[in-house]
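# Topology and contacts: notes
Read off the chains here:
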Amino acid sequence: MAQRAISPVVGTVLLVAITIVLAGTVGAVVFTPDVEPSIPATRFSATADASADSITLTHEGGQALDPDTLDVRITVDGRSLDHQPPIPFFAATGFESGPTGPFNSATRGNWTAGETGVLELATSNAPLVSDGASVEITVRRDGHVLTELEVIAE
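Rules used in this analysis
Residues numbered from 1 in each chain as written. Predicted model: local features only at pLDDT ≥ 70, side-chain atom pairs only at ≥ 80, totals over all residues. Heavy atoms only, no water. Helix = DSSP H or I, 4+ residues; strand = E, 2+ residues; numbered from the N terminus. Buried < 20%, exposed > 50% of the residue type's maximum accessible area, 1.4 Å probe, protein only. Contact = heavy atoms within 4.5 Å. Polar contact = N/O pair within 3.5 Å; in protein donor to acceptor, adjacent residues only side chain to side chain. Core = buried A, V, L, I, M, F, W, Y, C linked by side-chain atoms within 4.5 Å. Salt bridge = Lys/Arg side-chain N within 4 Å of Asp/Glu carboxyl O. Pairing = 2+ DSSP bridges. Phe/Tyr/Trp six-rings, centres within 6.5 Å; stacked < 30°, edge-to-face > 60°.

## Here we look at the environment of asparagine 104
When you line up the elements, asparagine 104 lands in the loop between strand S4 (79–80) and strand S5 (116–120). By relative accessible area, asparagine 104 is classed as buried at 11%. Taking the C-alpha atoms as reference points, asparagine 104 and proline 88, separated by 16 residues in sequence, lie 5.2 Å from one another. Excluding residues that lie within four positions of it along the chain, asparagine 104 makes contacts with Pro88, Phe89, Phe90, Gly98 and Pro99. In terms of polar contacts, asparagine 104 uses its side chain to reach the backbone amide nitrogen of alanine 106, at 2.7 Å.

Laid out in structure tokens, this is it:
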């Protein structure tokens, strides 16, 4: 008779243990936050100068950024430039040599608040910046969009 009394107790203990393990697993899955790469909170402003075919991007505040990790994409009136800027660079197809600030490969260190970078399109790039054109600038880091700006060229 002692054998019969132990079976239900062992069965109950096993069921309770399985329930606790399952509840812990479900809780860990449900309450674990998504782990994504850190996306810096950074503010930018931009201008586009039609007379110089230039685009200016200013770091207005927030986390400092390593220019080597950035990807900049530009469209003019909804059309992507034929040649996008390889950030940083000194000479690149579709751009005048010697961009300023963090866009220039000779610049060392992070891009910090207050610093401005200027790119000037070469005539070999298209479309060029014309007066009244809508210029969109997207800055990404590690595939994550840091900012999307739209300005009207003057």
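## Description of the nonpolar core
Nonpolar side chains tend toward joint burial in soluble globular proteins. One finds Leu57, Ile74, Val129, Val135 and Ile137 to be the most contacted residues of the largest nonpolar core, which totals 29 residues. Listing elements by their share of this core, those giving two or more residues are strand S1 (42–49), strand S2 (54–62), strand S3 (70–76), strand S6 (134–141) and strand S7 (144–152). Sorting elements by how many residues they give to this core places S3 first, with 4 residues. Apart from the residues lying within four places of it in its own chain, the contact partners of isoleucine 137 are Ala46, Ile55, Leu57, Val72, Arg73, Ile74, Thr147, Glu148, Leu149 and Val151.

## Let's talk about the pattern of salt bridges
When the charged atoms of two side chains with opposite charge come close together, those side chains can pair. Inspection of the entire model under this criterion finds 3 salt bridges. As a salt-bridge pair, aspartate 71 and arginine 73 come within 3.1 Å of each other at their nearest N and O atoms. A salt bridge links arginine 79 to aspartate 82, with the shortest nitrogen-to-oxygen separation between them at 3.3 Å. On the basis of relative accessibility, which here comes to 42%, the residue arginine 79 falls in the partly exposed class.

## Brief notes about the sheet that holds S7
Taking strand neighbours across the sheet as the criterion, the 4 strands line up as S4-S3-S6-S7 in an open arrangement whose pairing is antiparallel. Lying at the two open borders of the sheet, with one neighbouring strand each, are S4 and S7. Here S6 runs beside S7; their pairing, made up of 8 bridges, is antiparallel. Of the residues in S7, the one forming a bridge with arginine 140 is valine 145.

## Some thoughts on the packing of aromatic side chains
By the definition in use, this model includes 3 aromatic pairs. Residues phenylalanine 89 and phenylalanine 95 carry aromatic rings whose centres are separated by 5.6 Å and whose planes lie at 55° to one another, so their mutual orientation is tilted. As far as burial versus exposure is concerned, phenylalanine 89 and phenylalanine 95 are alike and both buried. With a centroid separation of 5.6 Å and an interplanar angle of 70°, the aromatic rings of phenylalanine 103 and tryptophan 111 are classed as edge-to-face. Here the two residues phenylalanine 103 and tryptophan 111 agree in accessibility, since each one is buried. Taken together, the aromatic side chains of Phe44, Phe103 and Trp111 make up a single cluster linked through ring pairs.

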